[in-house]
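A structural walkthrough
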Amino acid sequence: MSTRSRSTGFTLVELLVGVALLGILATLAGMAVFHGATRARVSNAAFEVAALYTAAQMRASSMGVPHYVVFHDDGTGFGVSMLERADALGAFNWASDDVTNLSAVGGVLHERLRLSHESGLGFLDLGAPRSDFPTLPAPFASISLTPSGSGRLLGGCTFCTEGTGGARGVIRFSPNGTVQMMTGGTETGGVIAFAPDSRGSGPPRWVVIAAPAGAIRVF
């Protein structure tokens, strides 16, 4: 009795289906890696800024010299730096003068974080309808979540202003442990909110500082 053998290979249709499935899986994996990396960059930026706040606060108290944390956004790049500046150098208009011109500002630059090179990192638009954080918990509840302006840093910052050379937000850490917002006219404290450029890429991170007590927290 004869038997008919069946080929063990794949048909063209089966091969095409397999290739399509592999393509879908590769796309999903790539998206997961991209969004995961973006979320990590947002979190890293928030915690690095909070660490800079803490370092400025500690240095001011230990050295007896005011320290400043300065955000700057010139429209093409943004970052944050820590500056030691004695009051004996005289007054400086943080709201309008060029905060990037160290020779004009005076003092010593101790740290600079360049945040704009991080692909996918931006600022949360605090003026847009949102459910992320409608109110802040105590002891930060008195801080207004109103953005200081429109777009980029101004849209994601409650204490930033526009001046010579771009937008900026400046916080002073005094030797006696108190904190003062040098821009924006906010006496209770301030918020800067980092977010992915695309809000669908993950949740934002809020860095909040209370004034004059100087409490700092990342949400």
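These notes cover the structure that comes with them.

Rules behind the numbers
- Residues numbered from 1 in each chain as written.
- Predicted model: local features only at pLDDT ≥ 70, side-chain atom pairs only at ≥ 80, totals over all residues.
- Heavy atoms only, no water.
- Pairing = 2+ DSSP bridges.
- Helix = DSSP H or I, 4+ residues; strand = E, 2+ residues; numbered from the N terminus.
- Axes fitted to C-alpha atoms, helices over the stretch in contact; angles between N-to-C directions.
- Salt bridge = Lys/Arg side-chain N within 4 Å of Asp/Glu carboxyl O.
- Buried < 20%, exposed > 50% of the residue type's maximum accessible area, 1.4 Å probe, protein only.
- Polar contact = N/O pair within 3.5 Å; in protein donor to acceptor, adjacent residues only side chain to side chain.
- Contact = heavy atoms within 4.5 Å.
- Core = buried A, V, L, I, M, F, W, Y, C linked by side-chain atoms within 4.5 Å.
- Disulfide = S-S within 2.5 Å.

**So, the sheet that holds strand β8 (residues 189-196)**
A sheet is described by the order of its strands in space; here four strands give the open sequence β4-β8-β9-β10, paired in antiparallel fashion. Edge positions in the open sheet fall to β4 (121-123) and β10 (216-218), since each of these has one partner strand only. In this sheet, neighbouring strand axes are inclined to one another by 20° on average, regardless of whether the strands run parallel or antiparallel. Where β8 and strand β9 (residues 205-210) come together, six bridges link them in antiparallel fashion. Across the sheet, the residue bridging to V191 is V208, located in β9.

**Remarks on the pattern of salt bridges**
Enumeration according to the criterion identifies three salt bridges in this entry. Ionic pairing is found between R59 and E84, a salt bridge with its closest N-O pair at 3.5 Å. Here the residue R59 occupies a position in helix α1 (residues 12-63), and E84 occupies one in strand β2 (residues 78-84), the gap between them amounting to 25 residues. Of the residues examined, E84 reaches a relative accessible area of 15% and is grouped as buried.

**As for the side chain of Q57**
Within the element layout of this structure, Q57 appears in helix α1. A relative accessible area of 19% means that Q57 is categorised as buried. At a separation of 3.3 Å, a polar atom in the side chain of Q57 contacts the main-chain carbonyl oxygen of G214. If we ignore the near neighbours within four places in the chain, the residues touching Q57 are F173, G177, V179, A213, G214 and I216.

**Describing the nonpolar core**
Judged by nonpolar contacts, the single largest core of 34 residues is most densely connected at Y53, F71, L115, F173, F194 and V207. Counting 14 residues, the second largest nonpolar core, distinct from the first, contains L124, L126, F133 and A210.

**Let's talk about the state of the cysteines**
For the structure shown, the criterion picks out one disulfide. The disulfide bridge from C157 ends at C160, spanning 2.1 Å between sulfur atoms. Residues C157 and C160 share a disulfide whose torsion about the S-S bond is about 80°; that sign makes it right-handed. Per residue, the accessibility class of C157 equals that of C160, and both read buried.

**Some details on unusual backbone geometry**
In this structure, P139 follows A138 across a cis peptide bond, with omega equal to 5°. The topology assignment puts P139 in the loop between β4 and α3 (152-155). A cis amide bond links A211 to the next residue, P212, at an omega of 0°. Mapped onto the elements, P212 comes out in the loop between β9 and β10. One non-glycine residue with positive phi stands out, namely R152, at about 50°. Counting through the fold element by element, R152 comes out in helix α3. When its relative accessible area of 38% is taken as the criterion, R152 is described as partly exposed.

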